[in-house]
Amino acid sequence: MSARFRNGTRRAVIAATALGTAALLIPAVGAMAQSAPRDAAALYRTYCASCHGPARLGGMGPALLPENLRRLRPERARKVIAEGRAATQMPAFAETLSAEDIAALAAYIYRPPATPPVWGRTEIEASREVVVDPATLPEDPVFDADPLNLFVVVESGDHHVTILDGDRFTPITRFPSRYALHGGPKFSPDGRFVYFASRDGWITKYDLYSLQIVAEVRAGINTRNLAISHDGRVVAVANYLPHTLVLLDARDLAPLKVIAATDARGRTTSRVSAVYQAAPRQSFVVALKDVPELWEISYAKNPPPAYGGLVHSYEKGMVEAIPTQGTFPIRRIALDEPLDDFFFDPTYRTLIGSARDGGRAVVVHLDVRRAIAEIPLPGLPHLGSGISWRRNGRRVMATPHLKEAAISVIDMTDWSIVKRIRTLGPGFFLRSHENSPYAWADVFFGKNRDAVHVIDKQSLEIVRTLRPAPGKTAAHVEFTRDGRYALLSIWDMDGAIVVYDARTLEEVKRIPMVKPSGKYNVYNKIHLSEGTSH
């Protein structure tokens, strides 16, 4: 392939980190966008294009497009434009631009470009850089820690990643990441490599043995998450912008295929909400935001046939249809409405997806290709953070709710609600481990965001509520590979990883970090622990 090789400091990554907070240039909305009195396009070309790209697609700094800049308030945007950001290369413009100019510039960034941005296979390949020749990588780790008990900690406060020794609970290294990592890192089957996705579409391959970046590519402009095939060959990237699913060679991140997310007739395009690995099926399962379909895409070397038209029967030997030809065939499952945020049963034959209204979930059987049950789940369940375990001889799953103070426990045999566990507020993450009797649930939203509930998985009762840092958000637990310790994040610029004895629930150690939004244990992830997301 034609990817560029380079050595030394990753200038673009460090600059993107330094300028990452320029994404705070989220424009004012409403009236401000209607009444911008200045030539905002000229202002952008003069003051912004050198870092953020002439088409606002990003460069050293992040993309400045509406889809990428939805999270910050207008007054904060104007403040950052005027005052800059400390400890970054984002300059202050208060002495250069008038208040009207700043308002006009912010409004301009919020407007969609006149011509929709293009980011296809040509652009993806042109962005790709192989930082280290894979043939030169060492065979063994350059440290003496257990490589399968490492934690990859995403510090979103200053856009860094820490590699943490899961036995000694000491950092091994810390390095700058792309701006705003999202969707959770994914690991190669042997745990050696970890892959990151940023909201700006950058995919980074990092070698956990030699502690260095191997390759990078920009697979989209606004990316939701990535998944890697169970055999480590293919990386799939879900994009909101453009409306594509991108498949990459996991070895060097070279593009293999760019799939436009359209309905079966090719008339309506859709944002891609997420992509998931379904290892027993040798496939990716794809959630679409705007089209009532679910996709299953085989990554097998010899994929089974997929049929795009009408099929009378899927019974073996009875199929009368012409299969889709080529690699990565799409198997479409028609739905009544789009589904988001999936949870899979351990066999990967069925999945639960949340409906857009947030009041119910739909169970889809991937083999028969249709919905087989509905579950009343008001309060917008966060199924992607669900976990499962065996209780009284039956497998159950549990999910937090983003808009209701409850944990729902569901029987996965008949899809009935076993119990609704009342909590101190809506939650985001739920975690456990097969060797632990407890599930840990945060209270992410509301006045009790500093609380974490510890729930007995058999009695379904809250046995303790922890408040490791009163007044600060406590969230996202991950266990060591043996389940002996639970690591909890304090989501604050002056934050920490708090290590608990998972049996006694007593604090063991506190490791200072800069808003550690997530931590991911290598062993638990590659072995698909039932207590964590996959």
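Residues numbered from 1 in each chain as written. Predicted model: local features only at pLDDT ≥ 70, side-chain atom pairs only at ≥ 80, totals over all residues. Heavy atoms only, no water.

Visitor: What is the right way to look at the overall build of the protein chain in this model?
Guide: Across its full length, the protein chain carries eight helices and 34 strands. Counting the 534 residues in the protein chain, one finds 59% classified as buried. The contacts of the protein chain with a sequence gap of at least 6 include a subset with a gap of at least 24, amounting to 51%. (Helix = DSSP H or I, 4+ residues; strand = E, 2+ residues; numbered from the N terminus. Buried < 20%, exposed > 50% of the residue type's maximum accessible area, 1.4 Å probe, protein only. Contact = heavy atoms within 4.5 Å.)

Visitor: Would you take a moment to explain the packing of aromatic side chains for this structure?
Guide: What describes a pair of aromatic rings is the distance from one ring centre to the other and the angle between the planes of the rings. For the structure on display, the rule yields 19 aromatic pairs. Between Phe428 and Phe444 the ring centres are 5.3 Å apart and the planes differ by 40°, which places this aromatic pair in the tilted class. Here Phe428 is found in the loop between strand E25 (417-422) and strand E26 (430-431), whereas its partner Phe444 is found in the loop between strand E27 (438-442) and strand E28 (452-456), with 16 residues between them in sequence. Residue classification places Phe444 among the buried residues on the basis of a relative accessible area of 16%. Here Phe429 and Phe444 contribute two aromatic rings whose centre-to-centre distance is 6.5 Å and whose plane-to-plane angle is 85°, an arrangement assigned as edge-to-face. With Phe429 in the loop between E25 and E26 and Phe444 in the loop between E27 and E28, this pair connects stretches of sequence that are 15 residues apart. In textbook terms, an aromatic cluster arises when at least three aromatic residues are bridged by ring pairs, as seen for Phe428, Phe429, Phe444, Phe445 and Trp491. A cation over an aromatic ring shows up here: Arg56 above the ring of Tyr108, its NZ or CZ 4.8 Å from the ring centre. Above the plane of the ring of Tyr240 lies Arg271, whose end atom (NZ or CZ) is 5.2 Å from the centre. (Phe/Tyr/Trp six-rings, centres within 6.5 Å; stacked < 30°, edge-to-face > 60°. Lys NZ or Arg CZ within 6 Å of the ring centre and 35° of its normal.)

Visitor: I would appreciate a short explanation of the packing of helix H3 (residues 40-47) against helix H6 (residues 99-110) in the present structure.
Guide: For any two helices packed against each other, one specifies the inter-axial angle together with the distance between the axes. Packing of H3 against H6 brings their axes to within 9 Å, and their N-to-C directions diverge by 90°. The angle between the axes of H3 and H6 places the two elements in the roughly perpendicular class. Where H3 abuts H6, its residues Ala40, Ala41, Leu43 and Tyr44 lie against Asp101, Ala104, Leu105 and Tyr108. Of the residues assigned to the contact of H3 with H6, the class counts are seven nonpolar, no polar and one charged. (Axes fitted to C-alpha atoms, helices over the stretch in contact; angles between N-to-C directions. Parallel < 35°, antiparallel > 145°, perpendicular 65-115°, else oblique. Nonpolar A, V, L, I, M, F, W, Y, C, P; charged D, E, K, R; others polar.)

Visitor: Any chance you could explain the sheet that holds E28 here in plain terms?
Guide: The four strands lie next to each other as E26-E27-E28-E29, forming an open sheet whose pairing is antiparallel. Bordering the open sheet on either side are E26 and strand E29 (462-466), each of which pairs with just one other strand. (Pairing = 2+ DSSP bridges.)

Visitor: Looking at this model, I keep getting lost on the nonpolar core. Mind explaining?
Guide: Considering soluble globular proteins, one finds that nonpolar side chains tend to be buried as a cluster. In terms of nonpolar packing, the biggest core is built from 43 residues, with Ile203, Leu208 and Leu248 touching the most fellow members. Secondary-structure elements contributing two or more residues to this core are strand E3 (150-155), strand E4 (160-165), strand E7 (193-197), strand E8 (202-207), strand E9 (212-218), strand E10 (222-228), strand E11 (234-241) and strand E12 (244-249). For Leu248, the residues in contact, after removing those within four places along its chain, are Ile124, Ile203, Val217, Arg233, Val234, Val235, Val237, Leu253, Ala254, Pro255 and Leu256. (Core = buried A, V, L, I, M, F, W, Y, C linked by side-chain atoms within 4.5 Å.)

Just geometry here; none of it tells us what the structure is for.
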